[in-house]
Amino acid sequence: MKPLIEDDLIALLEGRDLQVRPMLGGLFGGNRRSARYGTSAEFADYREYMPGDDTRRIDWNLYGRFDRLYLRLYADERRQRHQVMIDCSASMAWGSPDKRRYALQLAAVLGYLAVSGMDTVRYYALEGGECRAIGPTVATRDAWYAATDRLAHLTCRGETKLQQAITSCPNPGRDDGTTFLISDLLTDSDWKAGIDWLLEKKRAVCLIQVLSPDEVKPPLYGSLRLLDRESRHSHDPRNPVLEVSSDRLRAYDEAYSWLERDIRTFCDARGVRFLSCRTDEPLSRMLFTRCVEAEIIQ
Amino acid sequence: MNLQNPAGLWLLLGIPVVVFLWLLKPPHNRQPVSSSYIWRLSDLFVKRRLSAYRLRHWLTLLVRVLLVACLALIAARPSLRLGPRIDYIAILDASASMRWTDEAGVTRFERAARQIGDLSADTAYGHTVSVLLAAETPRWLIEDGTSRDAVEQALAQAECGWGGSDLRGAMTIAQLSAGERRTARVLMYTDQTAVNPEGFEVVSFNDGAWNVSVTRGALTSGGCEATLLSSGRDATVHVGLQAGGRILAARTVRCLRDQPQTIRFDLDSPLQDAELLTDGGDAFSGDDRWVFARSAEPPCDTLIVSDQPLYLSAALSAIGRGRVDVLSTADYAGQSGYHFYIFDHLLPGSFPSDGDVWIIHPDVMPDGLYRAGQSEEPASVFTAAILPEAESPLLRQLQVTRIVAANRPVLKADPGWQALLEADGSPVFLTQVSEGHRLSVLAFDLHESNLPMLTDFIILIRNLLRAAVPSLLEETDVDVGQPLALNPPESAASLRLTGPDGTETMLSAPLPRSLTVDRPGVYVMDGGAARFSAHVPAAESAPQPLAVETILLPEPEGEDEEATAPFWPALALAALLLLLAEWSLYHHERV
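Residues numbered from 1 in each chain as written. Chains lettered and ligands numbered in written order. Predicted model: local features only at pLDDT ≥ 70, side-chain atom pairs only at ≥ 80, totals over all residues. Heavy atoms only, no water.

**With respect to unusual backbone geometry**
Note that the residue after Ser-96 of chain A, namely Pro-97 of chain A, is joined by a cis bond; omega there is 5 degrees. Tracing the backbone through its elements, the reader meets Pro-97 of chain A in the loop between β3 (81-87) and α3 (99-116). Of note, Asp-67 of chain A is a non-glycine position whose phi angle comes to about 60 degrees, a positive value. Relative to the elements of secondary structure, Asp-67 of chain A occurs in the loop between α2 (60-66) and β2 (70-79). A positive phi is found at His-345 of chain B, a non-glycine position, where the angle reads about 60 degrees. Mapped onto the fold, His-345 of chain B is located in the loop between β18 (340-344) and β19 (356-360). Overall, the relative accessible area of 27% leaves His-345 of chain B in the partly exposed class. (Helix = DSSP H or I, 4+ residues; strand = E, 2+ residues; numbered from the N terminus. Buried < 20%, exposed > 50% of the residue type's maximum accessible area, 1.4 Å probe, protein only.)

See the structure below:
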């Protein structure tokens, strides 16, 4: 099977890093500045001495100057715990280029950058109403390679209830990393509630929507009965009969634009980073231009 | 409106088929999609434009129904009824007066042709147009023309003549043609005015234009004379006489409207070839000049046998046609070798066999003439009149008036003699032709009359010489379209005729006795042996009203044929527009 990420892309990823915000939580021994003060060797700030503070931190030079006691504070560097949740509904197995593969490539890149930044990453498959972990937490490059092999064997089928799946995440953590949700968001499920749940867990959330070109500009015409890949039978309400005409296509454009605005408004209001990408866009351009613009990668 | 093929309306059955197919929605194609989420979301947006969508949806059906209806009507070949079909017969006057131009320089002929062309537009509705060109000899330009193009093409090949036109002949032909048709309408396009025309219409092009013309010209012994005519208004005309490119004389003449004005130019020496010109600027330039063409006459040697030859020899010398010899009556002994013999007071025992003979007042009359007495008047003043029935070349240009003569015998003549002049019922000048030669007799004594003092004397002798040795041409002036008498020599095998434009025509044996030309100018025969000039007939310089004419059209039999205007082109255009509309709606749906 063709590897998800080619070696030349991995080479391009050197020197890149995820753009993350400082967290309070996280594992010790990382490379990320924490919002707390810690015990690293890097000086961070001064604070006035308060009874009970460690006297070993008193800066006596300042005392001699100002005749007041100040503590030296040091930066706290932690290792963040990132999560990459991949929507494994049937609608993701669509298009040319394949949406599933594109999503898995993105997931693999995000994992690589996390590991390169001395963070950890864990992959989850959102299947049905469950959030299934794909292998153990990835902390090293070797583990990452193994994780990408597991990702490559991931299948997309059936219907995924995003809200239920997200909220069933077994170990969401708290204020210790970013959750990347990769999905097409073409679902009746209330995924927004799932995002809100993650935000309530004080996780930084990054939403990446993956669409195929024919989902943006469908090349359809005529009297059609649409068959939704996630529907169970032909008379499922999700399989409407439509007269696809120029008016209907125009209405489709308006609906798509409305959907994108709705998602963006939701994300902006909550400080969620949002990126919508099409599978016909080269992965390298998407990563090094669009993701940089969206402050996902730096 | 009527339908020429009502069976075509069966195509209207296609309308329910179209409606049925439209209602019969095709089975929905099953189309897998990744997700119908956005499609279902688009329902909110498509409903806002539902009315326009539905309208366009029904409009497509309507356009298709109309298209089928159009095609059914086209198949039924509808046409509009325009009344009975008319066969127009147009008589186009092609006389020289139709060359008169208007202020824009367009001739009457061209304007008439244009109007006939406009008339032929009606051929689109089933009418027909026939055009009869009324020239010297009427001929059909086109019969039963059914298209404007055909009529205009025929008119384009027609040319206006320089002579007269046989309008009566053309009307007769038109009447015969009209009698063979159901509904005929005869129109005459002419510049002549017809008084009370019945059975036909006159389209007049007589616009009262002004024209100055030289209607007649003649060389005189000392110059020339001509007749001018100003039609339409009074005019002051400048006239010039030129020969060899040189102006010999000029004059200004005041011409009153429609009144002929004779002018005369007296010159020091006789004119040979000359030309009389007016200053133009009128409606027709073809009659603004008169060319005098003098044709050399062959020599005619004359022998005068007379004891008093003075008058005769002087006249012959003045005419100047060949050698003139004189013998006294006593010296005559049957000499021959002359073309013309004059015996004064002598009847020879035998007439010369090689020429014509003129006997003046013989003591003894030739065979067939009898003295019936003598005039009782010793010196009778009589008016010798040309006999009404007399036709002879000897009488050409003779204007016999008062002749005073003594000793006028009263004669009776046998039927073999032709009396040309008479006085008081008795012939005084007779002629007969025997064995190819002419014998003429003047009954009274020339020397005891005033005849030698009259111009008729010279004219009579000239006529006698021409009869003895005829010129190739009888006349040197002729109207276009009128025959010119020819006297070709018996030995001639061909004659070459050169026209005014230099074109040559060979007349081969048997040579004609007359010639007709169709355009004005100077004509030369046989490289210059004879010359004559052709002129526009005087009648074309001042067209006269046409006498009352009636064309009787017989009562039509049978049913009228309908004139119809086909309707299908409009329907075809409508069908094409509907097709474009349907394509546009369909294309709009797909885009």
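**Overview of the sheet that holds strand β5 (residues 128-134) of chain B**
What holds strands together in a sheet is hydrogen bonding between their backbones, with the strands either parallel or antiparallel. Residue and element names in this part refer to chain B. In spatial order, the strands read β6-β5-β4-β7-β8; together these 5 strands make up an open sheet with mixed pairing. Among the strands making up the open sheet, the edge pair consists of β6 (139-145) and β8 (201-204). Strand-to-strand twist across the sheet, computed as the mean angle between neighbouring axes with direction ignored, equals 15 degrees. The sheet strands contacting helix α6 (residues 148-156) are β4 (87-93), β5 and β6, and the helix crosses β6 at an angle near 175 degrees. Across the sheet, helix α7 (residues 167-179) lies against β4, β5, β6 and β7 (184-190), angled at about 170 degrees from β4, the strand it touches most. (Pairing = 2+ DSSP bridges. Axes fitted to C-alpha atoms, helices over the stretch in contact; angles between N-to-C directions. Contact = heavy atoms within 4.5 Å.)

**Structural notes on the environment of Leu-66 of chain B**
All names here are of chain B. Looking at the secondary structure, you find Leu-66 in helix α4 (residues 50-76). The partly exposed category is assigned to Leu-66, whose relative accessible area is 40%. Each C-alpha atom, one on Leu-66 and one on Ala-575, is 8.1 Å from the other, the two residues being 509 residues apart in sequence.

**Digging into the interface of chain B and chain A**
Often the size quoted for an interface is simply the accessible area lost on bringing the parts together. Taken together, the 30 residues of chain B in the interface contact 38 residues of chain A. Regarding the contact of chain B and chain A, the summed buried area is about 3,400 Å², with carbon and sulfur atoms giving 61% of it. Counting across the interface, chain B meets chain A through 2 salt bridges. Among the ionic pairs, Asp-43 of chain B bridges to Arg-248 of chain A, the shortest N-O distance being 2.6 Å. Counting across the interface, chain B meets chain A through 13 residue pairs in polar contact (both at pLDDT 80 or more). Secondary-structure elements contributing two or more residues to the side of chain B that touches chain A are β2 (29-33), α2 (37-41), α3 (43-46), α4 and α10 (568-590) of chain B. Considered class by class, the residues forming the side of chain B that touches chain A number 13 nonpolar, 8 polar and 9 charged. (Buried area = accessible area lost by both parts, 1.4 Å probe. Salt bridge = Lys/Arg side-chain N within 4 Å of Asp/Glu carboxyl O. Polar contact = N/O pair within 3.5 Å; in protein donor to acceptor, adjacent residues only side chain to side chain. Nonpolar A, V, L, I, M, F, W, Y, C, P; charged D, E, K, R; others polar.)

**Notes on the packing of aromatic side chains**
Under the counting rule described, the total for this entry stands at 11 aromatic pairs over all chains. Ring centres of Trp-144 of chain A and Tyr-145 of chain A lie 5.0 Å apart, and the angle between their planes is 70 degrees; on these two criteria the pair is classed as edge-to-face. By relative accessible area, Tyr-145 of chain A is classed as partly exposed at 39%. Relative to Phe-532 of chain B, the ring of Tyr-523 of chain B has its centre 5.1 Å away and its plane inclined at 5 degrees; by these criteria the two rings are stacked. Take Tyr-523 of chain B and Phe-532 of chain B: they sit in the same class, and that class is buried. For Arg-99 of chain B, the ring lying beneath its charged end belongs to Trp-162 of chain B, and the centroid distance is 3.9 Å. (Phe/Tyr/Trp six-rings, centres within 6.5 Å; stacked < 30°, edge-to-face > 60°. Lys NZ or Arg CZ within 6 Å of the ring centre and 35° of its normal.)

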